[in-house]
Each structure stands twice: as structure tokens, then as C-alpha cells.
Amino acid sequence: MQIIFLDTETTGNDLSKDRLCQICYQVGDTLKTEFFKPSLPISVKAMSITHITNKMVADKEPFEGSETKINLQSLLNEGVLVAHNVKFDAAMLESEGIVIPNRICTLRIARYVDSEGLIPEYNLQYLRYYLDLEIDGNAHDAEGDVKVLKAVFERLFSKMRKDEIDDEATIQKMIQISGNPSLYRQFNFGKYKDKKIEEVLKFDKGYLEWLLKSKLESGENDEDWIYTLRHYLGIKVG
């Protein structure tokens, strides 16, 4: 299956309303980057991160009806979308009417491969330097992030390939893993930041129970953390 490495830059982080303003994807040796005029203004917060301003996209065409949208949908119909935290990029594409049959999340794959929980953080740029990847590209720029994404994917694929029959089986395994919640092994926030969850469970089970209740009541659908907390608390679902 053809791999489509992709990253979007958006007007904000609200999956229910924000839209993409830049998209970059790479298929084989072909790298394509385009800016689009979104249907709502880019937030100041988003501009401070991506450095994409409303003036920069004022004269750009909308993504809807663009040649890029048509070409991307054609690629995705037969290929596999690869993104870091694919849930976010996929949601942005789907809000624009894109259908995504297959997807791989390098964030979830990284957690899966790191079975001993040795990697402190899993964000894309942290993995870039933790894995000592030599990449020429700026962070929070769709094109730069795609270059890093591709390098991270190749490192993860190489590690997983050792346990599979062939390349196709490895891709299918990655798709399967990406479609299910992943397991955190240590806290990356709060009063127990950087501590192993299984260790915290031994002396402060109440904290895990409180956190699970908070996650469930927040309505944010933080499925990875909900899955993780239920796992350590021994709560079965269904």
C-alpha cells in the first residue's frame, strides 16, 4: 500500500470548528505543500506557533474544490495516511470532506514500540532528537514536520519489521495498533509527572481513580488516558 506522509497547520486546535490553512504531504519522493484560505480566521495562538498569518492566506484558494483536495482523496482511497497524532490531522481532513480508509499514527506506534517506557516524551520534535535523526526542517511548519514524520516512521517501521513476515504485514500491524487506544506508562503532567503509573498505583490509587473520573466527566474523549487508567485500575469495558 502506498504511504502518504501528511501534516496540517490549522486555525486552532478545536476539532469541532477549526480548519486547515496549510497542508503538506509526501508520497515517494514527491513533496507537495500548499496554503489555503480557511473558512474562519487563524487564531492569534495558532499564528504564534505556526507563524502563518491571515494576511499570508488572504489571497489563497479554499481547500474545498481545490486540485490538492481531489489529488489527496485519490491517493488516500488506495493508500495509508501516516501522521503524528493522526486523530487530529484526520479530523481536520474529515471536516473538509476527506474520507480516510486507512491510517497510521506514529505517536501510538512509538508508545507501542517503547514497551519499557524508556522514552520520556513522544511528541514529534522530541522523537526527532531522541532518535538522533538528521533532518533539515523547521518545527511547526507542515513541510518540516513531514520530513521529520517520515524519518520517525522509517525508524519505527524498521523496529517493528523484525517481528513480522513482510512489509505488508508490518503495515497492517501498524494500522491495527493505530486504531486502538495506546497505553501510557508514566505520567507526563501533574504532581506525579515522570513517575511510572504502576508505581503511583501502589501508594495513591485514589489519584488514578480521581483522574479517571475527571477524564470521563470532561467530555474531551481522551481515549488513551481513559484506556490507560482503566487498565491499571483493572476496570474492564464491555
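What counts, and at which threshold
- Residues numbered from 1 in each chain as written.
- Predicted model: local features only at pLDDT ≥ 70, side-chain atom pairs only at ≥ 80, totals over all residues.
- Heavy atoms only, no water.
- 1 Å grid on protein atoms, 1.4 Å probe; cavity = no way out; pocket = protein on both sides within 12 Å on 5 of 7 lines; lining within 4 Å.
- Points joined across faces, edges and corners; volume = space filled by probe spheres on them.
- Helix = DSSP H or I, 4+ residues; strand = E, 2+ residues; numbered from the N terminus.
- Nonpolar A, V, L, I, M, F, W, Y, C, P; charged D, E, K, R; others polar.
- Pairing = 2+ DSSP bridges.
- Axes fitted to C-alpha atoms, helices over the stretch in contact; angles between N-to-C directions.
- Contact = heavy atoms within 4.5 Å.
- Buried < 20%, exposed > 50% of the residue type's maximum accessible area, 1.4 Å probe, protein only.
- Phe/Tyr/Trp six-rings, centres within 6.5 Å; stacked < 30°, edge-to-face > 60°.
- Lys NZ or Arg CZ within 6 Å of the ring centre and 35° of its normal.
- Parallel < 35°, antiparallel > 145°, perpendicular 65-115°, else oblique.

K.L.:
What should I look at first to understand the layout of surface pockets in this one?
P.N.:
Take a probe with the size of a water molecule and roll it over the atoms, and the empty space left behind shows itself. In this model, the largest pocket occupies a volume close to 1600 Å³. Along its surface, the largest pocket is lined by 49 residues, and H84, N85, F88, L107 and N123 are the ones closest to its centre. Secondary-structure elements contributing two or more residues to the lining of the largest pocket are β1 (3–10), α1 (44–50), α4 (86–95), β5 (103–105), α5 (106–113), α6 (124–130), α7 (142–161) and α11 (223–233). Examining the composition of the lining of the largest pocket, we find that 5 residues originate from one element, β1, more than from any other. A per-class count over the lining of the largest pocket returns 15 nonpolar, 17 polar and 17 charged.

K.L.:
Just checking my understanding: could you explain the sheet that holds strand β2 (residues 20–27) for this structure?
P.N.:
Pairing is mixed across the open sheet formed by 5 strands, whose spatial order is β3-β2-β1-β4-β5. Looking at the sheet topology across the chains shown, the edges are occupied by β3 (30–35) and β5. Put simply, the sheet's adjacent strands are angled 25 degrees from each other on average, direction ignored. Across 3 bridges, the pairing between strand β4 (residues 80–83) and β5 is parallel. When the sheet's bridge partners are listed, L81 is paired in β5 with R103. Each of β1, β2, β3 and β4 touches helix α3 (residues 67–78); the most contacted strand, β2, lies at about 45 degrees to it. Each of β1, β4 and β5 touches helix α8 (residues 167–178); the most contacted strand, β5, lies at about 70 degrees to it.

K.L.:
So what exactly am I meant to see when it comes to the environment of D114 here?
P.N.:
Tracing the backbone shows D114 in the loop between α5 and α6. Exposure remark for D114: the relative accessible area of 7% places this residue in the buried category. With 71 residues separating them in the primary sequence, D114 and R185 have C-alpha atoms 9.5 Å apart. Not counting residues within four places of it along the chain, the set of residues in contact with D114 comprises I119, Y122 and R185.

K.L.:
I keep staring at the environment of G65 and nothing clicks. Help me out?
P.N.:
In this fold, G65 is placed in the loop between α2 (54–57) and α3. Residue G65 is classed as exposed on the basis of its relative accessible area, which comes to 58%. Here the alpha-carbon distance between G65 and K55, two residues 10 residues apart in the chain, equals 21 Å.

K.L.:
Looking at this structure, I do not really get the packing of aromatic side chains. What am I missing?
P.N.:
Given two aromatic rings, one states the distance between the centres and the angle between the planes to describe the pair. In total, this model carries 13 aromatic pairs according to the counting rule given. Judged by centre distance (6.1 Å) and plane angle (20 degrees), the rings of Y126 and Y130 are stacked. With a gap of 4 residues between them, Y126 and Y130 both fall in helix α6, about one helical turn apart. Through pairs of rings, three or more aromatic residues link up here, namely Y184, F187, F189, Y192, F203, Y207, W210 and W225. A cation over a ring is seen here: R111 above Y184, with NZ or CZ 4.0 Å from the ring centre.

K.L.:
Sorry if this is basic, but what is going on with the packing of α5 against α8 here?
P.N.:
Helix packing for two helices is described by the angle between their axes and how far apart those axes are. Contact pair α5 / α8: the axes reach a minimum separation of 9 Å and the direction vectors enclose 100 degrees. For the element pair α5 / α8, the angle class is roughly perpendicular. Packed against α5, whose contacting residues are R108, I109 and Y112, the element α8 presents K173, M174, I177 and S178 at the interface. Along the lines of polarity and charge, the residues of the contact of α5 with α8 split into 4 nonpolar, 1 polar and 2 charged.

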